[in-house]
Amino acid sequence: MDRKNLFPIGEVSKLFHISVSSLRHYEHIGLLTPEYISSDSGYRYYGTEQFEVLNTIRYLRALDMPLSEIEDFLKNKDISCIEEKLLQQKHAVLKKQQELQRIEQKINHRLNWLRDAQSVPLDTVSLIELPSCRIVWVDAPLKVHGSHDMEVPIRKLDQSDAEAVVFLGKVGLGISAEHLQQSKVNRYDSIFLILDQEDIYTGETITLPKTLCVRLRFRGSHIEAPAHYEKLLDYITKEQIQIAGFSREITLIDYGITNDSGKFVTEICIPVKCR
């Protein structure tokens, strides 16, 4: 065969900035067949007819169109066909943009969370107003001796494929108002997951209203919490305010963030109201 107007695969690779392996893959899936294959060497050669096809492939790949859709178009080339493919791809791109924006929001929330965890003074009781938030709740009486004691209850939160469970620092423990009033702070009554506005969770959720709380942050984890509950309860008694709900105890910085246990930060918030 006259190879005068044919281009070897290596040259085509350079001309179109496409790897040789990609060209071979396109051939393998039936997307782009070489004009000629040497029976002696097995080397591939391409003509201008393949260049036209390759230009189309490159254009549609630049639009992130899947190879299967490109193959379908090449087999059924038509104005209405390409219009339909482009509209489908536009919809896919818009959906991907929305998903990336949602992920960006989650990252921003986490960054703000970490910065806040490192900026608020430790071992200081303060009166704050927590914003309204959405949570997933599981009644799970438990005593925490280490992080492993929380694993089984956390898996209950994960029953609805909650993507937010994998975001660190959003799982909390709670002690009921009744037990707080009785100073029973060595055992928890519940475990919960805080959801950001953009989090997707298909199970049942609870929306907590904006709440006035006494807050204390300390260096350490749940194991060290009882002594800090006593400090909060002493403050509540001294200020003559009333406990108005379950505590919200969250380890903001733990092994999920750092290997240095000396940098752990845990927050306890107890809802209150003035008498």
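Residues numbered from 1 in each chain as written. Predicted model: local features only at pLDDT ≥ 70, side-chain atom pairs only at ≥ 80, totals over all residues. Heavy atoms only, no water.

- Within an unreviewed UniProt entry, the label attached to the chain reads MerR family transcriptional regulator, and the organism entered is Butyricicoccus intestinisimiae.

## Digging into the side chain of E267
- Mapping E267 onto the fold places it in strand β12 (residues 265–274).
- Judged by relative accessible area, which is 10%, E267 ranks as buried.
- Polar contacts involving the side chain of E267 include one to the side chain of R217, which spans 2.7 Å.
- If near-sequence neighbours (up to four positions away) are discounted, E267 is found in contact with R215, L216, R217, R248, E249, I250 and L252. (Helix = DSSP H or I, 4+ residues; strand = E, 2+ residues; numbered from the N terminus. Buried < 20%, exposed > 50% of the residue type's maximum accessible area, 1.4 Å probe, protein only. Polar contact = N/O pair within 3.5 Å; in protein donor to acceptor, adjacent residues only side chain to side chain. Contact = heavy atoms within 4.5 Å.)

## Quick look at the environment of T205
- By the secondary structure assignment, T205 is in the loop between β7 (188–195) and β8 (206–208).
- The partly exposed category is assigned to T205, whose relative accessible area is 28%.
- Spatially, the C-alpha atoms of T205 and L195 are 9.0 Å apart, while their sequence positions differ by ten residues.
- Setting aside residues up to four positions removed in sequence, T205 forms contacts with R134, I135, V136 and L195.

## Focus on the packing of aromatic side chains
- Per the stated rule, a full pass over the model turns up seven aromatic pairs.
- Considering the side-chain rings of F7 and F51, the 5.0 Å spacing of their centres and the 40° angle between planes classify their relative orientation as tilted. Of the two residues, F7 sits in strand β1 (residues 7–8) while F51 sits in helix α3 (residues 48–62), which places them 44 residues apart along the sequence.
- Look at W137 and F192: their rings are 6.4 Å apart centre to centre, the planes differ by 10°, and that puts the pair in the stacked class. Taken together, the positions of W137 in strand β5 (residues 133–142) and F192 in strand β7 put the pair 55 residues apart, joining distant regions of the chain.
- Overall, the relative accessible area of 26% leaves W137 in the partly exposed class.
- Taking the relative accessible area as the measure of exposure, F192 reaches 2% and is therefore buried.
- Through a chain of ring-to-ring contacts, three or more aromatic side chains come together here, namely F7, F16 and F51.
- Above the plane of the ring of F246 lies R248, whose end atom (NZ or CZ) is 5.7 Å from the centre. (Phe/Tyr/Trp six-rings, centres within 6.5 Å; stacked < 30°, edge-to-face > 60°. Lys NZ or Arg CZ within 6 Å of the ring centre and 35° of its normal.)

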